[in-house]
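The primary structure of each chain is shown beneath.
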Amino acid sequence: MSTAATQQRPPQQIMHPRWLGALQPNRLSAARSFVAKMVREQWDIQLVSTEVDGQGNGTMVYRLDTPGGIMSFVAFVSEPRSVNRTSRIIGSSWDMLGSLMDGEPDPARIEQNRRELPKLYAGRAPEGTLTWFRANQSVRLFEHVRERLAAGRQPETELVAEVGYLMRNTGLDGNGTFGTRDFRELGPDHPLSAPYHAQMLSAYLMRELSIDLVQHLAKLDHEGAATLSPAIRRGIAIGNGSALGLVLFAFNRPHLIGTLIGQYEMALAHALDLPLTIDDPAWERLETLVNRSILYRQQDVGRYVTLPNGPQISSDLRSVKRLIDAARTSGAPRSLRVLEESMNGMFLPETIETIHAILLELDPEATDSFLLADAVDESLLADGAQTIDALRLDIQEHFDWALELQLADDHEANRVWYKSRDSEEPRCGPAGEVPEGTVDLAFDIPREIQRLLGRIDRDSRFKTVGALLVADPTLEQTVAHVQNLAELPYAIPRMDIKDDYLVPVHLIHLLNGFAFGLDKTVDRLERILRGVIFDGAPYRDELAGPEAADWYWAPHHDTYALPVIEAIQWSEK
């Protein structure tokens, strides 16, 4: 099938924060593409050493053999302690500290990690380190699973489904931090050259370790302990929580955001233009995945607040299924764009984006051609040689939305973005509640572009950008955005970051769900998102199995029967 992409959706639709927050995990998301790579290349991951006592203190070492080279993972596990134990970055007590490294797990680097990891910000990673990360056990689930296995029984499936993980990621650092390797210099032949694959492997190994650790401790408790059944084990993911830092990330990384969404939109445009006849096997694939997603969302027991819950999306998907069935039985070839048009305005954005994620599976080879293989060039440098007339034209043609966006009035545009002095955590709040002189970390793009255009319209002395910036250096960042992002229509969220009534959780979900591939992302307080990574993904001993590549949105049990779908007649209306 051709990979040529045609009509893409207008940025004014996609870049609205509500729609950005509805974009779903899909084949191009980091978690999905990473697992696909492991399965395709048949990675061999071995637990080579477990030296952990009955209290849960010790060391575990893994070795990874990939076509791109050997990597190793060392983890230092500890008995959970209540002092300074928190999921926030201000914590200083963790249940697991880990290091992912290039090369063999040699004793010298293991010991250096043992010394340096507990220091965290004052520590120094050994040469060849890719990431440092840390995690805590689930207070509710870990001990329950350990006790059940030690007694020769399986854990309660309801509790496993409710919690979803044995360990939760509480921090992951790399890309030059603490002396780790800069991802930009890994090169195309490195097994983790694709964006965020190093982070995904780290999370994947946290999940592997959580299972190995709980089964090891159960066996220490009782020699005849059971091991987790394959079905229950598949339902255990790795937990993750994110908050306001990802909002600033979305604005500070416009090249990355614009490229990720742009690639997704091209892949979707290709899928929507697939000409499916009534007997095309793609219909069977589409029906299978829609049925699967209906059950998966129905089983999501998360208590959502701002974002729609699983059963709401499941109900919507049942209605979409009727449209799909009718389209297939109409007897004539028709583009999936007809289905697309019938969904618009009728269903939740999350429902529509779930269908879009499924459509990307109908021509997987073509979809995979839109994957990012290397790091994105994110340079934002102003070009002083550009003429003022050319700069004005770029603003009018590519940033007209910034001139037309409805911004909050001055008395409702008081939100300040800053870092906590004590914890360095990103926060936001009313300007009147933060200390005088607090640096606002947000780049207010719409207002700054309006200020830039106003300046060049008022003052005709400047013929080049360089002359303008000499007179007013404060415009440099805005000029650089206009010049470098003019050809990236999906780079900047079209929203007022100063608005007192902004709902941050939509942008947090854009990164966590759409870009990274987390699922079951439950929101709190409109600014916190907690979800799971690799829910249903194959474990290391399953990577060669027949179903390893087809793991996503797999229902954990089949107690929810699909409803009988009433037949409807397809019409152009």
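Details of the structure are given in the entry above.
Residues numbered from 1 in each chain as written. Predicted model: local features only at pLDDT ≥ 70, side-chain atom pairs only at ≥ 80, totals over all residues. Heavy atoms only, no water.

(A) Fine view of the overall build of the protein. Secondary structure summary: the protein contains 21 helices and 13 strands in total. The C-alpha atoms of the protein give 25 Å as radius of gyration, which agrees with the globular expectation for 573 residues (25 Å, within 12%). Principal-axis analysis of the C-alpha atoms places the extent of the protein at approximately 85 × 65 × 45 Å. Every one of the 573 residues in the protein was classed for burial, and the buried ones make up 56%. Taking contacts inside the protein between residues at least 6 apart in sequence as the whole, the part at least 24 apart equals 75%. On the protein, roughly 24,800 Å² of surface is accessible, and the fraction owed to carbon and sulfur atoms is 49%. Averaging the coordinates of the 57 positive side-chain charges in the protein and doing the same for the 82 negative ones gives two points 3 Å apart. (Helix = DSSP H or I, 4+ residues; strand = E, 2+ residues; numbered from the N terminus. Rg over C-alpha atoms; globule rule 2.2 N^0.38 Å. Buried < 20%, exposed > 50% of the residue type's maximum accessible area, 1.4 Å probe, protein only. Contact = heavy atoms within 4.5 Å. Areas by Shrake-Rupley, 256 points an atom, 1.4 Å probe, with all protein chains shown as cover. Lys, Arg positive; Asp, Glu negative; His and termini not counted. Charge placed at Lys NZ, Arg CZ, Asp CG, Glu CD.)

(B) Up close: the pattern of salt bridges. Per the counting criterion, the structure on display carries 44 salt bridges. Two residues, K37 and E41, come together in a salt bridge whose shortest N-O distance is 3.0 Å. A residue pair is termed a helical-turn pair when its members lie 3 or 4 positions apart in one helix, as K37 and E41 do in helix α3 (residues 30-41) at four residues. Two residues, E116 and K119, come together in a salt bridge whose shortest N-O distance is 3.1 Å. Through salt bridges with shared partners, a single network forms among E284, E287, K321, D325 and R328. (Salt bridge = Lys/Arg side-chain N within 4 Å of Asp/Glu carboxyl O.)

(C) Focus on the nonpolar core. If you look at the biggest cluster of nonpolar residues, it comprises 158 residues, and the most contacted ones within it are F34, L209 and F534. If near-sequence neighbours (up to four positions away) are discounted, F34 is found in contact with W43, L192, H197, M200, L201, Y204 and F534. F76, L97, A125 and W132 belong to the second-largest nonpolar core, a separate cluster that totals twelve residues. (Core = buried A, V, L, I, M, F, W, Y, C linked by side-chain atoms within 4.5 Å.)

(D) Just the pairing of strand β12 (residues 519-524), in detail. Burial within β12 is extensive, with five of its six residues counted as buried. Where β12 and strand β13 (residues 528-533) come together, four bridges link them in antiparallel fashion. Bridge pairing in β13 places V522 opposite R530. Two successive antiparallel strands, β12 and β13, enclose a turn made up of three residues, where L525 displays a positive phi of approximately 55°. (Pairing = 2+ DSSP bridges.)

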